[in-house]
Amino acid sequence: MENRTYTTIYRIMHWAIAICMLLLLLTIFLRLTWMNKNNVSDIIQDFLATTNVSLSEDETILLAKKIRKPMWDWHIYLGYVLVGLYSIRMLLPFFGHMKFSNPFTKELSGKTKFQYTLYIIFYACVAVSLATGLIIELGPKTLKKSMEAIHELSIYYLLGFIVLHIGGVLYAEFTTNKGIVSKIVSGDKKQL
């Protein structure tokens, strides 16, 4: 992976997918923390305690879900965008761009084999996440619960990959591949 050049198509796809995934993570983070249905329900209950209005716990949880729905809709929209970006990413090698590297090539170093294998695993996990998300939204309701259980595991591989990816980039930047960050942001100036 040393001395790799990043074409404009590569950089656009990389950053579009990265931004989309970070925004998806933000919606998940909000849903699990500040916009958690129980937290919002508690806020509603606290407010209602100062008024003459009362609602049951089930009613405030239902109201909390309605309040956070517009935020969660963004998760779904971003999921559709990611399906499109992923599809383009999978098609680009057929047009000579962003080809996948074979981690089983004998001449590769152990580190490079690890990197290539990690990317294949990452793209397989993304495929599972996208497929389960689509089934949750568009598939039969009988599959929804089981697909949600699988889909919710996405956060673990995604956070793990982000940590490994950023750690690897920083390691490369400060050791063997200086300038990798600027290359993925603005391209290889030598190509111009």
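Residues numbered from 1 in each chain as written. Predicted model: local features only at pLDDT ≥ 70, side-chain atom pairs only at ≥ 80, totals over all residues. Heavy atoms only, no water.

## Concerning the overall build of the protein
Line of reasoning, step 1. Of the regular secondary structure elements, the protein holds 7 helices and 0 strands.
Line of reasoning, step 2. Over its C-alpha trace the protein gives a radius of gyration of 21 Å, far above what one expects of a compact globule, namely 16 Å for 192 residues.
Line of reasoning, step 3. Taken along the three principal axes of its C-alpha coordinates, the protein extends 70 × 35 × 30 Å.
Line of reasoning, step 4. Taken across its 192 residues, the protein has 30% of its residues classed as buried. (Helix = DSSP H or I, 4+ residues; strand = E, 2+ residues; numbered from the N terminus. Rg over C-alpha atoms; globule rule 2.2 N^0.38 Å. Buried < 20%, exposed > 50% of the residue type's maximum accessible area, 1.4 Å probe, protein only.)

## So, a nonpolar patch on the surface
Line of reasoning, step 1. A cluster of nonpolar residues, Trp15, Ile19, Leu23, Leu26, Phe29, Trp34, Val181 and Val185, forms a patch on the protein surface that exposes about 780 Å² of accessible area.
Line of reasoning, step 2. Taken together, the elements giving at least two residues each to the nonpolar patch come down to helix H1 (8–32) and helix H7 (180–186).
Line of reasoning, step 3. Tracing the backbone through its elements, the reader meets Trp15 in helix H1. (Patch = residues over 30% accessible without salt bridge, like charges linked within 9 Å, V, L, I, M, F, W, Y side chains within 5 Å. Areas by Shrake-Rupley, 256 points an atom, 1.4 Å probe, with all protein chains shown as cover. Salt bridge = Lys/Arg side-chain N within 4 Å of Asp/Glu carboxyl O.)

## Digging into the pattern of salt bridges
Line of reasoning, step 1. Applying the stated criterion across every chain, the model contains 1 salt bridge.
Line of reasoning, step 2. In this structure, Asp73 and Lys69 form a salt bridge, with 2.9 Å as the shortest nitrogen-oxygen distance. In this pair, Asp73 and Lys69 are both assigned in helix H3 (residues 57–91), 4 residues apart and thus about one turn of the helix distant.
Line of reasoning, step 3. A relative accessible area of 17% places Asp73 in the buried class.
Line of reasoning, step 4. For Lys69, a relative accessible area of 47% puts it in the partly exposed group.

## Let's talk about the side chain of Arg68
Line of reasoning, step 1. Tracing the backbone through its elements, the reader meets Arg68 in helix H3.
Line of reasoning, step 2. There is no salt bridge for the buried Arg68, and the closest opposite charge comes from Glu152, which lies 8.9 Å off by N-O distance.
Line of reasoning, step 3. Within the structure, the side chain of Arg68 is placed 3.4 Å from the backbone oxygen of Met35, a separation counted as a polar contact.
Line of reasoning, step 4. The contacts of Arg68, once residues within four sequence positions are left out, are Arg31, Met35, Asn36 and Lys37. (Lys, Arg positive; Asp, Glu negative; His and termini not counted. Polar contact = N/O pair within 3.5 Å; in protein donor to acceptor, adjacent residues only side chain to side chain. Contact = heavy atoms within 4.5 Å.)

## Quick notes on H3
Line of reasoning, step 1. The end-to-end C-alpha distance of H3 is 49 Å, a good match for the 51 Å that 35 residues give at a rise of 1.5 Å each.
Line of reasoning, step 2. For H3, the principal kink sits at Lys69 and spans about 50°; a proline, Pro70, occurs within the next four residues. (Expected span 1.5 Å × (residues − 1). Bend = angle between axes of the 7 residues up to and from the residue.)

## With respect to the nonpolar core
Line of reasoning, step 1. Formed by 25 residues in total, the largest nonpolar core has its most connected members in Met13, Ile17, Cys20, Met21, Leu82, Phe122 and Val126.
Line of reasoning, step 2. Contributions of two or more residues to this core are made by H1, H3, helix H4 (110–138), helix H6 (154–174) and H7.
Line of reasoning, step 3. Not counting the four nearest positions on each side in its chain, Met21 is found in contact with Leu82, Phe122, Val126 and Leu158. (Core = buried A, V, L, I, M, F, W, Y, C linked by side-chain atoms within 4.5 Å.)

## Quick notes on the packing of H4 against H6
Line of reasoning, step 1. Between H4 and H6, the shortest axis-to-axis distance is 10 Å and the interhelical angle comes to 150°. Compared by their axis directions, H4 and H6 come out roughly antiparallel. Here H4 and H6 pass one another in a crossing that is left-handed. Side by side, H4 and H6 meet where Leu118, Tyr119, Phe122, Cys125, Val126 and Ser129 of the first sit next to Ser154, Tyr157, Leu158, Phe161, Leu164 and His165 of the second. (Axes fitted to C-alpha atoms, helices over the stretch in contact; angles between N-to-C directions. Parallel < 35°, antiparallel > 145°, perpendicular 65-115°, else oblique. Left-handed = near helix turned anticlockwise from the far one by under 90°.)

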